[in-house]
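Structural description and commentary
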Amino acid sequence: MKKYVSFFKISFSGTIQYRGAAVAGIITQLFWGFMEIMLFRAFYEADSSAFPMEFSALCSYIWLQQAFLTLFMIWFFDLKIFKQIQDGGIGYELARPLELYDMWFAGNAAQRMAKATLRCFPVLLVASLLPEPYGLLAPSSVGSFLVFLVSLFLAFLTVLAFCMLVYITTFYTLSPYGVRIIVTSVTELLTGALIPIPFLPDWMQEILRFTPFYSMQNLPYRIYSEDIWGTEAALAIVLQLIWVFILIGFGKLWMKRALKRVVIQGG
Amino acid sequence: MIKLNNISKTYRIRRRETGIKNALKSFFSHKYELLRALDDVSFTVNDGEMVGYIGPNGAGKSSTVKIMSGILTPDSGSCEIDGLTPWKQRKEHVKNIGVVFGQRSQLWWDVPVCDSFELLKDIYSVSDRDYKRVYDELIERLSLQEIIKTPARQLSLGQRMRCEIAASLIHEPRILFLDEPTIGLDAVSKIAVRQFLKEINQEKKTTMILTTHDMQDIEALTERILLIGKGKILLDGSLDELKLKGNAQKKLNVRFSVGEFELCGGITLLKRSEGEAVFGVDTEIISVSRAIEQVTKKAEITDLEVMGSTAEELVVSLYRDFGI
């Protein structure tokens, strides 16, 4: 265990030193948040009763999304992993007494968290200073806030475990682009990154309930504004836990199989 | 002890003719060719030995090293290293080995080298006391004081290679695999690396298997040579044995002012230009002194030099002999 913690630390400190990227990220996220809210405001002004979420709840959703973007966006892949698989650098990793899955998992967690640590506070601060209904609402209660944190963490694990599957496909396809493009565009919609899941057609929502995408960013953000609460929230968290176990378990098994047939590329 | 028995490995190589039409064709059906990378390879390396593993590009050197380090599974054959089968008991096995791939880096790119070392310490569960001892020694011997706090991405190749080698030794492995450790290094760095490897091998009795194209590496480091070509072990012997074989051919470099040369059996003219000539002398047919006598008979010689084949030439002639 200690080695994975150390690996987490080294990845974290390796990522956190890129201050320029963080500043650029913060500006982008703020700008993006404003644009999105402006856009939705135009729709809401036309007919606010036609929307499944209150405008202020939607604004909170958007700000949380911007603040924690790096935790949940599927497309924040560690490009080094793709490169390693493609050019054979992975040989070094395999020549060490390590579980590759655990190491990649720890590394990805560290990178995403390091980026989020740098970016979330300024965005949260600015968003909470904005006037109602455009800003980030304070949490409705201590209870729902705690549930939010639990769900946030589990959603994070779900995203990480899902991304691991994309890395593993590279063992089979060699070029990561195809899978990455499909996964990126599809998950943007299905995880509620583009628009919140309640905005999608009912039939689609019903299907999504049975996918891991429902357990990603969708859940914590909606728990925060109590769009989901009580037993529904409790059930949703149990479901998150189940998905975490399924995705990690499946990923580990698959990785083992993939490594058996792996050819280390290059001389 | 390293024991390889009848190891074979075949790769499937995808091939197509050049051009868009063929690219489209291959979209629907791939053509594969089988490439025998390793063909019935067997050898044994004893503890503390230092072995040079040589052969042209694509001969199967890297594949062998990958199999021995547990990264690649062979199609058939057995390999036992200190009682373990690398690809079956990978995690157990790799604790005891160190690997240096000259063309890749094992240091973490973004962080100072010392952070990478600390991480390796944790990965191999090295105790604080052992780590301190080994660390101090490596820093001292490879003179890393100046560069240990620099991120790996800002090191020169020579500096980085010293760090790579240090990194592979932090857990004091019993066996060290070096895949082209001196590739791209300047003369000074090469000598430093060789010197260090030699010391480690002699003092700690670390078994080392070293692949390289640099014959000076081989001359400086190894007693024993394994020559591989087209996936087969062609030769297993000492450098001296090899030299003996190659030394039958000597070269005579002659500078002269006037005159001409008469050749006889065993002497061939390799090169001739204004005032200079190079002869090949087959010492199995004619002795060197007789050869000198022969060529200097009718010429005014100003300078004369006798040269044996260098290891480099030796290997080229070996490659030629074996048709690889």
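Keep in mind it's a predicted model, so treat the numbers as computed, not measured. (Residues numbered from 1 in each chain as written. Chains lettered and ligands numbered in written order. Predicted model: local features only at pLDDT ≥ 70, side-chain atom pairs only at ≥ 80, totals over all residues.)

**Comments concerning helix 9 (residues 177-190) of chain A**
An α-helix turns once every 3.6 residues. As a result, residues three or four positions apart point the same way. Residues and elements named next belong to chain A. Here helix 9 is 14 residues long and its end C-alpha atoms lie 20 Å apart, about the 20 Å a rise of 1.5 Å per residue gives. All of the buried residues along helix 9 are Arg 180, Thr 187 and Leu 190. Relative to the axis of helix 9, the buried residues are bounded by an arc of 115 degrees and lie together on one face. In helix 9, the exposed residues that point more than 90 degrees away from the buried face are Tyr 177, Gly 178, Ile 181, Ile 182 and Val 186. Looking at the packing, one finds that the buried side of helix 9 touches helix 8 (142-173) and helix 10 (202-208). (Helix = DSSP H or I, 4+ residues; strand = E, 2+ residues; numbered from the N terminus. Expected span 1.5 Å × (residues − 1). Buried ≥ 20, exposed ≤ 12 C-beta atoms within 10 Å, placed from the backbone. Arc of directions from axis to C-beta. Contact = placed C-beta atoms within 7 Å.)

**Here's the deal with the sheet that holds strand 9 (residues 232-238) of chain B**
Residues and elements named next belong to chain B. If you walk across this open sheet you meet the 6 strands as 5-6-7-3-8-9, and the pairing is mixed. Strands at the two margins of the open sheet, each flanked by one partner only, are strand 5 (97-101) and strand 9. Strand-to-strand twist in this sheet, taken as the mean axis angle between neighbours without regard to direction, amounts to 15 degrees. Two elements, strand 8 (residues 224-229) and strand 9, share 6 bridges in a ladder whose sense is antiparallel. Along strand 9, the bridge assignment pairs Leu 227 with Leu 235. Where helix 2 (residues 61-68) meets the sheet, it contacts strand 3 (50-54), strand 6 (175-179), strand 7 (207-211) and strand 8, and its direction lies at approximately 150 degrees from that of strand 6. (Pairing = 2+ DSSP bridges. Axes fitted to C-alpha atoms, helices over the stretch in contact; angles between N-to-C directions.)

**Re the nonpolar core**
One finds Val159(A), Leu160(A), Met164(A) and Phe177(B) to be the most contacted residues of the largest nonpolar core, which totals 139 residues. Residue contacts for Val159(A): discarding those within four places in its chain leaves Phe72(A), Ile74(A) and Met216(A). One finds Ile267(B), Val281(B), Ala291(B) and Val295(B) within the second-largest nonpolar core, a separate group that totals 7 residues. (Core = buried A, V, L, I, M, F, W, Y, C linked by C-beta atoms within 7 Å.)

**Digging into the environment of Ile301(B)**
All names here are of chain B. Of note, Ile 301 is situated in strand 13 (residues 299-307). In this structure Ile 301 comes out as partly exposed when scored by C-beta crowding, with 13 C-beta atoms within 10 Å. As for Ile 301 and Ser 257, which are separated by 44 residues in sequence, their C-alpha atoms are 6.5 Å apart.

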